[in-house]
There are 2 protein chains.
Amino acid sequence: MTQSSSPDPFGALVEYLDIPPVKNGPLDGTRFTVKDNIDIAGHRTSYGSPAWRDAHPAPTHNALCVDQLLAAGARCVGKAIADEFTYSLDGESQFFGTPCNARAPDRIPGGSSSGSAASVANGLADFSIGTDSGGSVRVPASLCGIWGMRPSLHRISEAGVLPFMPGVSTVGVLAARFEHLDAAARVLLRSGPRPAVALQRLLVLSDAVEISDMAVQEQVHAALKAIASRSGLVPEPIRFAQLIGEDIPLSDCNLKALRDLQTAEFQSTVGNWIETVQPELGFTFSMAYGNVRDFDRIAALESVVRCERLFERINAALPPGTVICFPTTPVIAPLKGSLNTLEAVMAFYDPTMTLTAFSGVGRLPEISAPLLTVEECPVGLSFAAGHYQDEFLLAAVQASLPRA
Amino acid sequence: MTQSSSPDPFGALVEYLDIPPVKNGPLDGTRFTVKDNIDIAGHRTSYGSPAWRDAHPAPTHNALCVDQLLAAGARCVGKAIADEFTYSLDGESQFFGTPCNARAPDRIPGGSSSGSAASVANGLADFSIGTDSGGSVRVPASLCGIWGMRPSLHRISEAGVLPFMPGVSTVGVLAARFEHLDAAARVLLRSGPRPAVALQRLLVLSDAVEISDMAVQEQVHAALKAIASRSGLVPEPIRFAQLIGEDIPLSDCNLKALRDLQTAEFQSTVGNWIETVQPELGFTFSMAYGNVRDFDRIAALESVVRCERLFERINAALPPGTVICFPTTPVIAPLKGSLNTLEAVMAFYDPTMTLTAFSGVGRLPEISAPLLTVEECPVGLSFAAGHYQDEFLLAAVQASLPRA
């Protein structure tokens, strides 16, 4: 149960690597790290769990997404720390440590792509690939003050990425500069020519703004004013119920839909392994896993159906040309070690997952932009578009929004 | 290397089961079987490989799709034989035997969902769930003369389904009657109310018809005439190049796109396990796996990109209201034991995969209907629609086409 010492001064990496590119391409000269649930040939993949790592031999092939990056000119410089079974949003690993939040060193980096965010924010890499099911790319991007993209569900190949929640999980990208986010995402998405559709409507998800801290709300309004002035667009506030044409609260996306799908899928994948192998589990994960073990799968199927209805309604409201905006997280990063009571955990997770579950059930591409600062700590402002409109979203952000 | 004896007279099952429904629902009174790469709690999943089965403990949870069916009123009556690692289209397993093709007992049933098709065609179950990456639901449905549906990529949860090719694999349904196919698919798809869009255009993929056996071609034309008379629609022949607006042959969908994506993803999933564990492999699979082992992943990335372009172009040509039709397989089932030379294997696989790869790269829902008979053997006629238009496709088939 002791903490491994990380090889880098920022505690972001499991190990340094130096895997050169195999071809030239649009990522020439860039360096990237890989979250430790994505296979790198010849190196064991830990999934954030020493027990998992020791039970599984090193893969003989890279994940397909790693090969895509190496073949586009990028150099792999490290394997980045992940939370245990990537089942966390905080980035405090009992086994691998807490990667340094570069802009707020006394605060958590966010997780589960904690090492990915920290390796980028501390300058070890230009970009990193992580995974995001409930916010694991977007939350650390927001809390560390970097760019983060969760692409549309299933746009990027998950071959060689550890099985987790097939109906929810995506490979995502984190980067310090938008240019690197854009270039790496387009390689992984296998993007064609840039889309002709221009940004026509900028919606603002009011409920998401309102559940955020007052200081975050003020920053959102200021940022939208700047965006409006640059783009000429008038941001249009819209309530979730109005967006989907049904009188239900935004929190239903998490509490009555995505959370149950996630738990059911987690049981059917990692849950089977844990129940049959009975590995050593970390304390924080054990607490969370208690809910998984006692979960009523059959009762949850109603939520699983609801996910599909919400997907349809959210996407009907987001045609090409429309972007919807909201804070990535409702708060700045909590202080390290402060998530030590059930109340503190819930105060962080519940409103955060209310925001992240929106794109989760919508299967939307979402980009967290490092545009907000509260008490000298970063918070992301997120932009989402309809399912499979990843290239439109990248172009809309590139063309129309202020840069950090 | 000896063949296990199947518990049923048709050689379709690994074991009989009797798992009662957990709730009432639209599948009340129906019986289903489950392909042996989909988890059933408490029973080892073999993946068609005794080595895999013996190396992995029995899962503690059902796959999510199994729970969906049990909670909709269906009873699970058996675990159905699958080809080794589901990496085959023929259904002749060295380890588990060759399930009986009910309508052509001297011929192969097709695979890899061989036991699923045989359990349905021989009346052991009303429907079965299988998986389809390169045709593993559609081909046995076609060769055994039953209905088979490969839904849109990622519409059905793959949690608890063994990892295979995440960018290609789907859970699918096989049934003797359309009503059961429709009802089971709608439960798994979590379908909402039936769509308002009616069938407006019926395209016929000319290249797919032309590479089929002459007798199959004649049957296709006769069936289309009957469909035209019933639906009032005029079938519109269209070439692949015309459909996508680029002068490339239909065979590119397989040879220059999907096949390389499949192989790269297979390497990153099952390939890793085989390379590190070195399990006992069957003869037929060993031959096929030789190509996987020597595969150039980096060169294949061009094909992986091409998949995305073909996906975009195919779907641009298939808006709601449009269905495209073609033979599911270009031939009737080969005789058992006849695929014993490289020439015979290629003569069956190459044209068959040219047809199945179309919906594969398009991520399309495709329904194989048991409408054709050649030399007293069945062949399927397939109907496909745009990505995510599964409910439209089911409704179009239900409303406008003759039934078997």
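Within each chain, residue numbers correspond to sequence positions counted from 1 in written order. Lettering for chains starts from A, numbering for ligands starts from 1, and both go in the order in which the items are written. Note on the predicted model: pLDDT of at least 70 is required for a residue's local features to be given, and 80 or more for side-chain atom pairs to be given and counted; whole-chain, interface and lining totals, by contrast, use all residues. With hydrogens and water set aside, each side-chain value is computed from the structure's full complement of heavy atoms.

The name given to chain A in an unreviewed UniProt entry is Amidase, with the source organism recorded as Breoghania corrubedonensis.

J.: I would appreciate a short explanation of helix 3 (residues 114-121) of chain B in the present structure.
T.: Spacing of three or four residues puts side chains on the same side of an α-helix, whose turn is 3.6 residues. Residues and elements named next belong to chain B. The buried label applies to any residue whose accessible area, calculated with a 1.4 Å probe on protein chains only, is under 20% of its type's maximum; exposed applies above 50%, and partly exposed to all values in between. Runs of E in the DSSP output that reach at least two residues are strands. Runs of H or I that reach at least four are helices, and both are numbered from the N terminus. Extensive coverage of helix 3 is indicated by the burial of seven of its eight residues. Taken together, the buried positions of helix 3 are S114, G115, S116, A117, A118, S119 and V120. Only heavy atoms matter for contacts: two residues are in contact if any of them lie within 4.5 Å across the pair. Elements that come into contact with the buried residues of helix 3 comprise strand 1 (13-19), strand 2 (31-35), strand 3 (75-80), strand 4 (127-132), helix 4 (138-144) and strand 6 (170-175). Trailing helix 3 by a residue or two, G123 shows a phi angle of about 80°, which is positive.

J.: Before we go on, may I ask you to explain the domain arrangement of chain A in this structure?
T.: Interfaces are often described in size by the accessible area the parts lose on coming together. Residue and element names in this part refer to chain A. For chain A, the assigned domains read domain 1 (13-189) and domain 2 (201-253 + 297-400). Boundaries between domains were set according to an automatic or database domain assignment. Each of domain 1 and domain 2 was reduced to a C-alpha centroid, and the two centroids are 22 Å apart. Of the residues lining the interface, 37 residues belong to domain 1; the matching set on domain 2 comes to 41 residues. Buried area counts how much accessible surface, traced with a 1.4 Å probe, disappears from two parts once they are put together, with both parts' losses summed. Across the interface of domain 1 and domain 2, roughly 3300 Å² is buried in total on both sides, 59% from carbon and sulfur atoms. On the domain 1 side of the interface with domain 2, the three residues burying the most area are R107, R138 and S142, jointly 19% of the side's total. Think of a salt bridge as a Lys or Arg side-chain nitrogen and an Asp or Glu carboxyl oxygen that are within 4 Å of each other. Viewed at the interface, domain 2 and domain 1 are joined by three salt bridges. A salt bridge links R138 to E366; its shortest N-O distance comes to 2.9 Å. Nonpolar residues are Ala, Val, Leu, Ile, Met, Phe, Trp, Tyr, Cys and Pro. Charged residues are Asp, Glu, Lys and Arg, and all others, Gly as well, are polar. For the side of domain 1 that touches domain 2, the per-class residue count stands at 17 nonpolar, 10 polar and 10 charged.

J.: I'm lost on the interface of chain A and chain B in this one. Help?
T.: In this complex, chain A contributes 47 residues to the contact, which on the side of chain B involves 47 residues. Contact between chain A and chain B buries roughly 3800 Å² in total, counting both sides, with carbon and sulfur atoms accounting for 60%. Among the residues of chain A in contact with chain B, H61(A), R190(A) and I298(A) are the three that bury the most area, contributing 18% of the side total. Counting across the interface, chain A meets chain B through six salt bridges. The partner of E308(A) in a salt bridge is R155(B), and the shortest N-O contact between them spans 3.0 Å. Residue assignment for the side of chain A that touches chain B shows that the elements contributing at least two residues are helix 2 (64-70), helix 9 (252-277) and helix 11 (297-316) of chain A. When the residues that make up the side of chain A that touches chain B are grouped by side-chain class, the tally is 19 nonpolar, 16 polar and 12 charged.

J.: Sorry, what's going on with the packing of helix 5 (residues 178-189) of chain A against helix 13 (residues 390-400) of chain A here?
T.: The description of two helices packed together rests on the angle between their axes and the distance between the axes. Residues and elements named next belong to chain A. Lines are fitted to the C-alpha atoms to define the axes, a helix being fitted only along its stretch in contact, and any angle between axes, read from their N-to-C directions, falls within 0 to 180 degrees. Between helix 5 and helix 13, the shortest axis-to-axis distance is 11 Å and the interhelical angle comes to 165°. By the angle class used here, helix 5 and helix 13 are roughly antiparallel. When the axes of helix 5 and helix 13 are compared, the crossing they make is left-handed. Touching F178, D182, A185, R186 and L189 of helix 5 are D390, E391, L394, V397 and Q398, all from helix 13. Its residues assigned to classes, the contact of helix 5 with helix 13 comprises five nonpolar, one polar and four charged. Oblique is the label for any angle not covered by the other classes, which are roughly parallel (under 35 degrees), roughly antiparallel (over 145) and roughly perpendicular (65 to 115). A clockwise turn of the near helix away from the far one marks a right-handed crossing, whereas an anticlockwise turn of less than a right angle marks a left-handed crossing.

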